[in-house]
Amino acid sequence: MQYIFLTDVDGTLLRRDVHLSQEVIHAAHTYTARGGLLSLCTGRSLLAAREIAAQLGVNAPSILYGGAEIYHFQEERCLASFPFSWDVMQAVRHVLADEPDVSVQVFTQKRSYLLRRNQKLEAWGVLEELQEPAVSPDQVSGPILKIGMCCENPQRLQSCRQYFPEGLCNFSFSSRTFVDVVAANCGKRQAMEYLSESLKIPFQAFFCAGDAITDLPVLRRAGISFAPQDAMDEVKAAVSVVVPSVKQCGMAAAFAYASDCLRREADRTL
């Protein structure tokens, strides 16, 4: 049986203050050397995920922009994309006008547009997505895959929900102070289903790792799931195995667990 490992990035593999470790990289390569498929499952953009995919040796289609795109790094091509209707920019304009404390980022495949910064984003946002100067909404161009917002006050983020209709948008808190918005027809769960169908891999042959509420749909469907010790309590309660924290290179243990599962499977087929 073919197995695939979907791993979240931020808060699972690394953090702003904790780089991707050689221990984790080695464990990931050991897993793929045993024949396992490895995929990123992240809210990051293509630009911000590329180096991590290269370091880990990702060898299967990856889930990017919170499920709004399926991208194959080895083949350098987009396999599927689920953009918003351009009308979503009206919602973005409402947030900019009515919620001055909320940062706003708009993601297309070719570029991450920073429309407004705040201290929370500067402290905890993805560095690769913060390099450009802030621009106006009129400068956004191309199909929009994801809207990212953050604020120190979660109630202000909750107020933004009214601008993103449930039938058109999937509005999700990735943490207490960060929100990802993608089109209603996509998300990590739908992307996992796409991979299962296209690769002919049943859900019980998925390993999944994550630390946030937005990871729960894939964690709950996987055959075996992992969360770091410093993940949200609701996430830890939903997984098969809790591994050490990001600072303790916990994903090395998760990849080693998956490698051992592959070894036992190979032994049974001899």
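Note: the structure precedes this text.
What counts, and at which threshold
Residues numbered from 1 in each chain as written. Predicted model: local features only at pLDDT ≥ 70, side-chain atom pairs only at ≥ 80, totals over all residues. Heavy atoms only, no water. Pairing = 2+ DSSP bridges. Helix = DSSP H or I, 4+ residues; strand = E, 2+ residues; numbered from the N terminus. Axes fitted to C-alpha atoms, helices over the stretch in contact; angles between N-to-C directions. Contact = heavy atoms within 4.5 Å. Buried < 20%, exposed > 50% of the residue type's maximum accessible area, 1.4 Å probe, protein only. Phe/Tyr/Trp six-rings, centres within 6.5 Å; stacked < 30°, edge-to-face > 60°. Polar contact = N/O pair within 3.5 Å; in protein donor to acceptor, adjacent residues only side chain to side chain. Salt bridge = Lys/Arg side-chain N within 4 Å of Asp/Glu carboxyl O. Expected span 1.5 Å × (residues − 1). Arc of directions from axis to C-beta.

Visitor: Quick question: what am I supposed to make of the sheet that holds strand β2 (residues 37-40) here?
Guide: The strands making up a sheet associate through hydrogen bonds between their backbones, and the pairing can be parallel or antiparallel. Across the sheet, 5 strands lie side by side as β2-β1-β11-β12-β13; this open sheet has parallel pairing. Here the strands that pair on one side only, and so sit at the sheet edges, are β2 and β13 (241-243). If you compare each strand with its neighbour and ignore which way they point, the axes differ by 20 degrees on average. One ladder, built from 3 bridges, connects strand β11 (residues 206-209) with strand β12 (residues 224-228); its direction is parallel. Bridged to C208 within β12 is S225. Sheet strands in contact with helix α1 (residues 22-33) are β1 (4-7), β2 and β11, and its direction is about 135 degrees off that of β2. Those strands touched by helix α6 (residues 188-199) are β1, β2 and β11, and its axis lies near 155 degrees from that of β11.

Visitor: Is there a simple way to explain the pairing of strand β8 (residues 144-150) in this structure?
Guide: Counting buried positions along β8 gives 7 out of 7 residues, so the element sits mostly inside the fold. Examined bridge by bridge, strand β6 (residues 103-108) and β8 share 6 bridges and lie antiparallel to one another. Within β8, the position partnered with F107 by the bridge is K146. Where β8 lies against strand β10 (residues 178-183), 4 bridges are found, and the strand directions are antiparallel. Each bridged residue has a counterpart across the sheet, and for I147 the counterpart in β10 is V181.

Visitor: Could you clarify how one ought to interpret the packing of aromatic side chains in this entry?
Guide: Each aromatic ring pair is described using two quantities: the centre-to-centre distance and the angle formed by the ring planes. Per the counting criterion, the structure on display carries 12 aromatic pairs. With 5.5 Å between their ring centres and 80 degrees between their planes, F226 and Y257 make a pair best called edge-to-face. Taken together, the residues span a long stretch of sequence, with F226 in strand β12 and Y257 in helix α9 (residues 250-269) at a distance of 31 residues. According to the relative accessible area criterion, F226 is buried, its value standing at 1%. Assessed through its relative accessible area of 36%, Y257 is described here as partly exposed. Chaining the aromatic ring pairs together yields one cluster made of Y3, F5, Y31, F207, F226, F255 and Y257.

Visitor: Please clarify how the environment of K200 should be interpreted in this entry.
Guide: Note that K200 resides in the loop between α6 and β11. C-alpha of K200 to C-alpha of Q2: the two residues are 198 residues apart in sequence and 8.7 Å apart in space. Of the polar contacts made by the side chain of K200, one reaches the backbone oxygen of E197; its length is 3.4 Å.

Visitor: Honestly, the pattern of salt bridges in this entry has me stumped. Any pointers?
Guide: A side chain of one charge can pair with a side chain of the opposite charge when the charged atoms of the two come close. In total, this model carries 20 salt bridges according to the counting rule given. Where R15 meets D230, a salt bridge forms, and the shortest distance between an N and an O atom there is 3.5 Å. Separated by 215 residues along the polypeptide, R15 in the loop between β1 and α1 and D230 in the loop between β12 and α8 (233-238) bring together distant segments of the chain. A salt bridge links R77 to E75, with the nearest nitrogen and oxygen atoms 2.6 Å apart. The exposure class assigned to R77 is partly exposed, which follows from its relative accessible area of 45%. Through salt bridges with shared partners, a single ionic network connects D8, K188 and D215.

Visitor: How should α6 be read in this particular structure?
Guide: Two residues of an α-helix separated by three or four positions point the same way, owing to the 3.6 residues in each turn. If you check α6, its first and last C-alpha atoms are 16 Å apart, about what 12 residues at 1.5 Å a residue would give, namely 16 Å. Taken residue by residue, α6 has K188, A191, M192, L195 and S196 as its buried positions. Projected down its long axis, α6 shows its buried positions confined to an angular sector of 140 degrees, all on one face. Where the residues of α6 are buried, they touch β1, β2, β3 (62-64), β4 (69-72), β11 and α7 (216-221). Just beyond α6, the residue with positive phi is K200, at close to 60 degrees.

Visitor: I'm lost on the sheet that holds strand β5 (residues 77-81) in this one. Help?
Guide: In space, the 3 strands of this open sheet follow the order β3-β4-β5, with antiparallel pairing throughout. Both edges of this open sheet fall to β3 and β5, since each of them pairs with a single strand only. Between one strand and the next, the sheet's axes are offset by a mean angle of 30 degrees, whatever the strand orientation. Pairing geometry for β4 and β5, over 4 bridges, is antiparallel. Across the sheet, H72 pairs through a bridge with R77, a residue of β5.

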